[in-house]
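The chain contents come next:
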Amino acid sequence: MSAKLGAEFMQPDSAAPGGRRKTLLRKLWSQKYLQVMALLGVAWMIIFNYIPMYGIIIAFKQYVITHSIAEAPWVGLDNFKAFFEDEDLPLVIWNTLGISLLKLIIGFPLPILFALFLNELRSIRLKKAVQTISYLPHFLSWVILGGILATWLADVGIINHILMALHIIKEPISYLAEPKYFWGIVVASDIWKELGWSAIIYLAAIAGVSPDLHEAATIDGAGRFQRMWYVTLPGIKSTITILFILAVSGILNSNFDQILVLRNSLNESASNVIDVYVYQTGLVNNRFSYSTAVGLIKSLIALVLLLIANSVSKKINDTSLF
Amino acid sequence: MFKLNRRTAGDVAFDAFNVLIMLAVCFVTLYPIWYVLVNSFNEGQDAMRGGIYWWPRIFSLESYEAVFRSSGIMTAMGVTVAKTLLGTVLHVFFTAMVAYAFSRRDLALQKVYILIGTVTLFFNSGLIPYYLLIRDLHLLDNFLVYIIPAMFSFFDLIIFMTFFREIPDGLEEAAKIDGANDFSIFVRVIIPVSMPVIATIALFHGVYQWNDYFTGMIYINNMDLQPIQTYLYRIVAQSSSNQMASAMPGGISKNVTSQSIKLATMVVTTAPIVIAYPFLQRYFVKGLMIGSIKG
């Protein structure tokens with residue numbers, strides 16, 4: 001999506017080396033309206049993106065809310081040590097990775113498969129209708145979806161009703177109250193919500209595969225499945241790779257919004273993920289420094305994962321984000 | 001000549017199978033929404049028994065009446081409408097304005113500006129430092145917390161920039177000869193020709209504003225300032241119907257339950273998005289393609 005960010009948009013500098021500063025000042029003045037417009041955006045980014053970066057130093061301090069960040073005493077790596085000694089840590093890591101890996105293994109290929117099959121529909125009208133319908137859940141909030149799920153999974157809800165009618169279960173189950181169902185609910189509801197939306201980008205890529213290739217393959221006697229496998233799929237390989245890199249780097253992100261809505265005190269042993277842990281310790285229990293340290297560890301690991309995934313993919317198939 | 005389009009038996013079977021799968025996907029997508037809808041139109045007490053799948057058993061509008069009479073829900077709805085309208089207009093205008101400046105080929109210091117923005121895509125300071133910033137800016141318990149921190153997005157800026165780069169220079173030059181400055185060129189020339197991408201970003205951001213519950217949950221304590229999604233979160237996720245019950249005026253019919261009001265609130269909250277979305281769909285698909293293929 002955001003491949004080749006910076007470089008793509010940069011223009012060569014026109015300023016000559018001699019008298020550069022003067023030329024620059026004159027140029028800045030001549031485009032003063034444009035510069036003000038740009039600087040307003042830069043100012044926003046400095047305030048909302050860069051100033052909080054300074055706040056990260058409270059991870060190395062013992063910050064209390066009544067004092068300023070500068071006044072708080074330094075404590076070195078104490079907050080980081082505390083995290084690695086925390087007895088919740090193994091479970092938090094297990095839940096975070098478990099949910100993310102399931103989403104990656106099941107949730108990543110499905111939109112590709114969906115896009116491949118959608119592309120093979122002969123009726124344009126049906127194709128449009130399926131697309132319109134499949135995008136719709138993307139626009140519902142997780143709060144609404146939490147409400148829908150609660151209705152479905154309730155004791156008198158449709159899931160219990162069907163399973164009891166089929167004699168698979170005898171008693172209604174409170175799914176959201178049992179940790180063992182939590183991961184499944186999270187992964188399934190995420191797929192339900194985002195399947196169609198995630199497929200858009202693959203559909204765009206599929207549309208870019210040359211029809212000549214399909215024609216040639218057909219003449220060679222390739223069937224529909226064979227063309228999907230040998231023509232379309234390789235044709236969108238670079239798109240898949242880039243989205244996969246992004247997915248891997250986001251493996252410690254467990255879709256905070258979603259889990260916050262679905263979790264409760266009964267399913268905590270399966271729903272406590274890093275983001276929830278940061279939120280709980282930081283904003284609910286007011287352990288600001290500790291929570292910031294945990295968040296910082298998370299961002300660093302995510303960055304390292306991004307770099308690793310990027311360089312691996314560069315070596316293997318010459319596609320990379322940067 | 002070799003006929004490419006002749007369909008074999010395998011092709012026919014494939015197509016039939018494919019259509020079936022797609023219809024199944026559509027059913028699985030739509031049915032949960034339908035299920036909530038029909039249950040919300042059923043009388044509350046009766047709905048508690050379950051078993052309503054296709055059509056209300058005892059049709060009733062009482063839950064909706066209760067929703068529209070509840071001042072708590074209506075205040076939250078008002079906050080949501082206000083933050084969505086104001087937030088979207090400001091986000092689109094401000095982000096597009098910065099994107100236009102960034103996209104101009106002759107902009108001095110362009111490299112520096114774009115580097116500053118690109119870094120923000122990869123580094124995130126985390127929840128607590130951000131919370132402290134919001135506090136220090138006096139945005140806690142302030143309506144502007146919905147608007148100002150959401151006014152700009154570098155990701156959306158990239159989508160705008162990609163679009164603006166395609167606009168022929170001649171348009172701007174003509175305006176310049178007429179004596180217009182860069183800002184008025186942006187307002188009078190660029191905005192009118194950029195409606196597809198503006199509609200796309202407006203839709204995305206509008207949906208974000210409409211659906212966001214997290215901002216209201218952590219930065220707002222004043223109940224009169226909470227948006228409808230936060231309100232719903234408090235009753236759906238924390239399954240405490242206290243707030244809902246206290247928001248209800250006395251003398252509510254006994255046929256209405258906290259569950260049925262919850263469903264009706266969910267429907268009322270979602271309806272505007274579902275209604276607006278088919279009209280905007282053609283824009284956002286186009287706009288998303290611009291952003292994804294080029295980017």
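Residues numbered from 1 in each chain as written. Chains lettered and ligands numbered in written order. Predicted model: local features only at pLDDT ≥ 70, side-chain atom pairs only at ≥ 80, totals over all residues. Heavy atoms only, no water.

Attention now goes to the overall build of chain A. For chain A, the helix and strand inventory stands at 17 helices and 0 strands. The globule rule puts the C-alpha radius of gyration for 322 residues at 20 Å, and the 25 Å found for chain A is more than 25% above it. Reported as C-alpha extents along the three principal axes, the dimensions of chain A are approximately 75 × 60 × 40 Å. The buried share among the 322 residues of chain A stands at 50%. Here the analysis covers contacts within chain A between residues at least 6 apart in sequence; of these, 64% occur between residues at least 24 apart. Carbon and sulfur atoms make up 66% of the accessible area of chain A, which amounts to about 16,000 Å² in all. Mean positive and mean negative side-chain charge positions of chain A (25 and 21 charges, respectively) differ by 13 Å. (Helix = DSSP H or I, 4+ residues; strand = E, 2+ residues; numbered from the N terminus. Rg over C-alpha atoms; globule rule 2.2 N^0.38 Å. Buried < 20%, exposed > 50% of the residue type's maximum accessible area, 1.4 Å probe, protein only. Contact = heavy atoms within 4.5 Å. Areas by Shrake-Rupley, 256 points an atom, 1.4 Å probe, with all protein chains shown as cover. Lys, Arg positive; Asp, Glu negative; His and termini not counted. Charge placed at Lys NZ, Arg CZ, Asp CG, Glu CD.)

Take the UniProt feature "domain: ABC transmembrane type-1" (unreviewed entry) in chain A next. The positions that UniProt labels "domain: ABC transmembrane type-1" (unreviewed entry) are, in the present scheme, residues 93-309 of chain A. The distance separating the terminal C-alpha atoms of residues 93-309 of chain A is 20 Å; by composition the span is 76% helix and 0% strand. (UniProt positions renumbered as here; feature names shortened; annotations may be inferred.)

Right, let's get into the packing of aromatic side chains. Throughout the structure, instances matching the rule amount to 42 aromatic pairs over all chains. Note on F256(A) and F214(B): the rings are 5.1 Å apart at their centroids and 70° apart in plane angle, and the pair reads as edge-to-face. On the criterion of chain membership, the pair formed by F256(A) in helix 14 (residues 256-262) and F214(B) in helix 11 (residues 214-219) is interchain, its members lying in two chains. Taking the relative accessible area as the measure of exposure, F256(A) reaches 16% and is therefore buried. Among the aromatic residues, those joined into a ring-pair cluster are W152(A), F27(B), Y31(B), Y35(B), Y53(B) and W54(B). Of note, K61(A) hangs over the ring of W74(A), and the distance from its end group to the ring centre comes to 4.6 Å. The ring of Y290(A) has R287(A) sitting right over it, with the charged end atom 4.1 Å from the ring centre. (Phe/Tyr/Trp six-rings, centres within 6.5 Å; stacked < 30°, edge-to-face > 60°. Lys NZ or Arg CZ within 6 Å of the ring centre and 35° of its normal.)

This paragraph deals with the UniProt feature "transmembrane region" (unreviewed entry) in chain B. Residues and elements named next belong to chain B. When the UniProt feature table is mapped onto this chain, "transmembrane region" (unreviewed entry) is found at residues 12-34, 73-100, 112-131, 143-164, 185-208 and 261-280. Counting secondary structure, residues 73-100 comes out at 100% helix and 0% strand; the distance between its end C-alpha atoms is 40 Å. Its end C-alpha atoms 28 Å apart, residues 112-131 is made of 80% helix and 0% strand.

For the rest of this paragraph, the subject is the interface of chain B and chain A. If you look at the interface, chain B gives 108 residues, while chain A gives 93 residues. In this assembly, chain B packs against chain A so that about 9,100 Å² is buried in total across both faces, 77% of it on carbon and sulfur atoms. Joining chain B to chain A, the criterion identifies 3 salt bridges. Residues D15(B) and R224(A) are paired through a salt bridge, measuring 2.5 Å at the closest nitrogen-oxygen approach. The tally of links between chain B and chain A comes to 17 residue pairs in polar contact (both at pLDDT 80 or more). Here the side of chain B that touches chain A gets 18 residues from one element, more than from any other, and that element is helix 1 (residues 9-40) of chain B. (Buried area = accessible area lost by both parts, 1.4 Å probe. Salt bridge = Lys/Arg side-chain N within 4 Å of Asp/Glu carboxyl O. Polar contact = N/O pair within 3.5 Å; in protein donor to acceptor, adjacent residues only side chain to side chain.)

Time to look at a nonpolar patch on the surface. Residue and element names in this part refer to chain A. Taken together, I93, L97, L101, L102, I105, I106, L110 and L113 make up a surface patch of nonpolar side chains, about 620 Å² in accessible area. For the nonpolar patch, the secondary structure elements donating two or more residues are helix 5 (89-107) and helix 6 (109-119). Looking at the nonpolar patch, the element that brings in the most residues is helix 5, giving 6 residues. With respect to the helices and strands, the residue I106 is situated in helix 5. (Patch = residues over 30% accessible without salt bridge, like charges linked within 9 Å, V, L, I, M, F, W, Y side chains within 5 Å.)

This part covers the environment of I274(A). All names here are of chain A. Positionally, I274 belongs in helix 16 (residues 274-284). For I274, a relative accessible area of 6% corresponds to the buried category. Taking the C-alpha atoms as reference points, I274 and G223, separated by 51 residues in sequence, lie 47 Å from one another. Once residues within four sequence positions are removed from consideration, I274 is found in contact with V92, I93, T96, L252, V294 and K298.

Unusually for a residue other than glycine, H167(A) sits at a positive phi of about 60°. Note that H167(A) resides in the loop between helix 9 (158-165) and helix 10 (179-207). Exposure remark for H167(A): the relative accessible area of 71% places this residue in the exposed category. Of note in this structure, L109(B) is not a glycine but carries a positive phi near 65°. Note that L109(B) resides in the loop between helix 4 (71-103) and helix 5 (110-122). The class for L109(B) is partly exposed, based on a relative accessible area of 34%.

Moving on, we get to the confidence of the model for chain A. Of all residues in chain A, 94% have pLDDT values of 70 or greater, and the mean over the chain is 87. Of the regions scoring below 50 in pLDDT, residues 1-16 of chain A engages in 38 contacts with residues more than four places distant in sequence or in other chains. (pLDDT = per-residue confidence, 0-100.)

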